[in-house]
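The primary structure of each chain is shown beneath.
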Amino acid sequence: MSSHFPFTAVVGQGDLQLALLLNAISPRIGGVLVRGEKGTAKSTAVRALAALLPEVEVVVGCRFSCDPTNPDPACPDGPHEPAFETRPSRMVELPVGASEDRLVGALDIERALSEGVKAFEPGLLADAHRGILYVDEVNLLHDHLVDLLLDAAAMGASYVEREGVSVRHAARFLLVGTMNPEEGELRPQLLDRFGLTVEVAASREPDQRVEVVRRRLAYDDDPAGFAARWADEEADVRQRVVAARELLPSVVLGDGVLRQIAATCAAFEVDGMRADIVMARTATALAAWAGRTEVLADDVRQAALLALPHRRRRNPFDAPGLDEDKLDETLEEYAEPPQNSQDPNDSTDSTDSQDDDPDPDPDPDPDGPGGGQPPAPESEGPQSGDSGAQPESGEGVPAQAPAAGEQSAVRAAEPFRTKVLSVPGLGEGAAGRRSRARTEHGRTTGARRPRGALTKLHLAATVQAAAPHQRTRGRSGPGLVVRRDDLRQATREGREGNLVLFVVDASGSMAARQRMSAVKGAVLSLLLDAYQRRDKVGLVTFRGSAAEVALPPTSSVDAAATRLESLPTGGRTPLAAGLLKAHDVLRVERLRDPARRPLVVVVTDGRATGGPEPVALAGRAARLFAAEGHASVVVDCESGHVRLGLAGRLAGELGGTAVTLDELRADSIAGLVRDVQGTQGAKGVQGAKGVQGTQGTSRRVA
């Protein structure tokens, strides 16, 4: 008896269940991305799906699960014997910290060079062939691993190449990824590669929440007994999946329906053609699930709700969604004309009856897409729950009466492309696109002896190390005698992601609405840049008499944008408090992630007020940053014809660089790239154009 929570016992997640089942029926849909808050049965439903998949026949002894009726001719374990066995479908989990070799497999380069054999150890893609590959927290997976994963899912094969030695094997699987958007978003390009996306949220209905708790407690008390009580429902769904798979090739996708699909994708301005193809496959699978051989308009509508919302994002701050009224209007406009002829005098009644006809619950098909246990009528529940929960997730967004001396939040100006700000030196942090670092991918810069398993061979250095010993090793033929001590690992240089910590002045000196709008626009632009360069971000604000951490360091750049949008202004300028709070954040973060180097972006006009000796305190706090070598940049928000240059002096004490809001734009000086100097206190050097009296250093590269 399966120890997993039964798939049919999951409460209130009809859309999630339906999307998973459609991919089980037609894996060519391209998988499912499940987005939602923690504790919403995302992982529970995915793990339970494997028990509903039919058993598979595999060639005995084949590590790549070849089908005995149609074995892969390029299988590394081939040619195969005719013997086969039957086993359950596998569900393989990809850990967030998995390496590339663990995902795609590893070649033994030492044996390839010394013995001339392709010794290949299969990876998780091979294990998942003809089963399910599940990636929890897919948004935390390194981008290059996500690319490899999605490429294999799209091509149905995995390719492993190391220094001219290559292996190919089949890799067809149902791909399921889950993520919590609070922990960071996937790039739009990667979102588009997932066939369907489902938004899940906990129900706000007390009765439904009670049922969730009741079932979970019953399962925890007696897993086997609970699963036995749901065995009949599980068997029914399993048989229905098998029947839908058999019916799928017979489903007809008419020209009228195809026109509706194309018109819907065009109306919602979806990029590329992948959405049209996914919608067509999804609508066909919906018809097969309903037991029909013809695709209806209702299937197209449901397919659009699953396949389009995540493809409409134009930037990382856009929330996925779909205007259902616009969807209905488009489907109605491009609906096929009625086939039966009507009396011309009865045209009005005919129109009315046609309007009523596409009701989501038509009589001729009571077991349609909404029928059956998994896609139960609750399928609307998660959507309504999502929309109802949306205002609650934006903490601080609802307008409140501002306190005395405080101005309400102003909207940010339009974001723009910023100059590149990078941390000097060579880091060793997580892969990204900001600062120079030693990485697994990038240009080769040298060679070293391998520490542990060899992953990237430096062929020239290996040959150079082995060449002097060929005579003593008794070389007699044309081949090179290579031993393990000769192998050299390639060292590579690429880019890393950093922790970009924003320290934003929200005091009264920044409170002019037009000025604060420009400041927020600049910070929003830097946040967008941080998203594109795979950085973590944090937000510290200071005003009145203290500073606060508005957002602890996170990969969720859109969360930082939300906090920034609702930021009010007013009060004095406790600059020292803001810098000290930022210092505390960096101290804690260094313990959590010591390899990730910080970049501190202070957004201020440089004024310091409130408390005894505010300017001296701010100076001491800035010199603390300089002493610890934190890279920093000051975005000078001072405006007007007369400027005091306070932000420039602050940059000098921080040991960093100052730029004005105008200079932050990438198009202000063509080709300018500014390296933030975060090492030792720099001598006073006039900064970039327009920053008067700036201390610190700046460098321009044509």
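Residues numbered from 1 in each chain as written. Predicted model: local features only at pLDDT ≥ 70, side-chain atom pairs only at ≥ 80, totals over all residues. Heavy atoms only, no water.

## What to know about the pairing of strand β21 (residues 598-604)
- Within β21, seven of the seven residues are buried, which leaves the element mostly enclosed by the surrounding structure.
- Note that strand β17 (residues 499-505) and β21 share six bridges and pair parallel. Its bridge partner lying in β21, V504 is registered against V603.
- Where β21 and strand β22 (residues 631-636) come together, six bridges link them in parallel fashion. Residue pairing in the sheet places V601 in a bridge with V633 of β22.
- Handedness of the crossover joining β21 and β22 through helix α21 (residues 614-628) is recorded here as right-handed. (Buried < 20%, exposed > 50% of the residue type's maximum accessible area, 1.4 Å probe, protein only. Helix = DSSP H or I, 4+ residues; strand = E, 2+ residues; numbered from the N terminus. Pairing = 2+ DSSP bridges. Right-handed = clockwise from strand over helix to strand, strands pointing away.)

## Here's the deal with the packing of aromatic side chains
- Per the stated rule, a full pass over the model turns up five aromatic pairs.
- With centroids separated by 5.9 Å and ring planes inclined at 80°, the aromatic side chains of Y219 and F226 adopt a geometry described as edge-to-face.
- Across the ring face of W289, the terminal group of R240 is positioned such that the distance to the ring centre comes to 3.9 Å.
- We note K326 situated over the ring of F268; from NZ or CZ to the ring centre the distance is 5.0 Å. (Phe/Tyr/Trp six-rings, centres within 6.5 Å; stacked < 30°, edge-to-face > 60°. Lys NZ or Arg CZ within 6 Å of the ring centre and 35° of its normal.)

## Considering the pairing of strand β23 (residues 657-660)
- Of the two faces of β23, the one carrying T657 and V659 and the one carrying A658 and T660 are both buried.
- Pairing geometry for β22 and β23, over four bridges, is parallel. Residue pairing for β23: V634 is matched across the bridge by A658.

## Overview of the pattern of salt bridges
- Under the defined criterion, the tally for this structure stands at 28 salt bridges.
- For the salt bridge of D486 with R473, the shortest nitrogen-to-oxygen distance reads 2.5 Å. With D486 in the loop between α17 (459-466) and β16 (489-496) and R473 in the loop between α17 and β16, this pair connects stretches of sequence that are 13 residues apart.
- Classification of R473 by relative accessible area gives buried; the value is 17%.
- A salt bridge links R597 to E496, with the nearest nitrogen and oxygen atoms 2.7 Å apart. (Salt bridge = Lys/Arg side-chain N within 4 Å of Asp/Glu carboxyl O.)

## Let's talk about the confidence of the model for the chain
- When pLDDT is averaged across the chain, the result is 80; 80% of the residues are at 70 or more.
- Within the model, the stretch residues 669-675 combines pLDDT values under 50 with 24 contacts to residues more than four positions away or in other chains.
- Note on residues 677-702: pLDDT under 50 across the span, and 68 contacts to partners over four residues away in sequence or across chains. (pLDDT = per-residue confidence, 0-100. Contact = heavy atoms within 4.5 Å.)

## Some thoughts on the side chain of R215
- Turning to its location among the elements, R215 is positioned in helix α8 (residues 206-221).
- For R215, a relative accessible area of 18% gives the class buried.
- Within the structure, R215 has its side chain in polar contact with the backbone oxygen of A9 (distance 2.9 Å).
- Excluding its chain neighbours within four sequence positions, the residues that come into contact with R215 are F5, T8, A9, V10, V11, F226 and W230. (Polar contact = N/O pair within 3.5 Å; in protein donor to acceptor, adjacent residues only side chain to side chain.)

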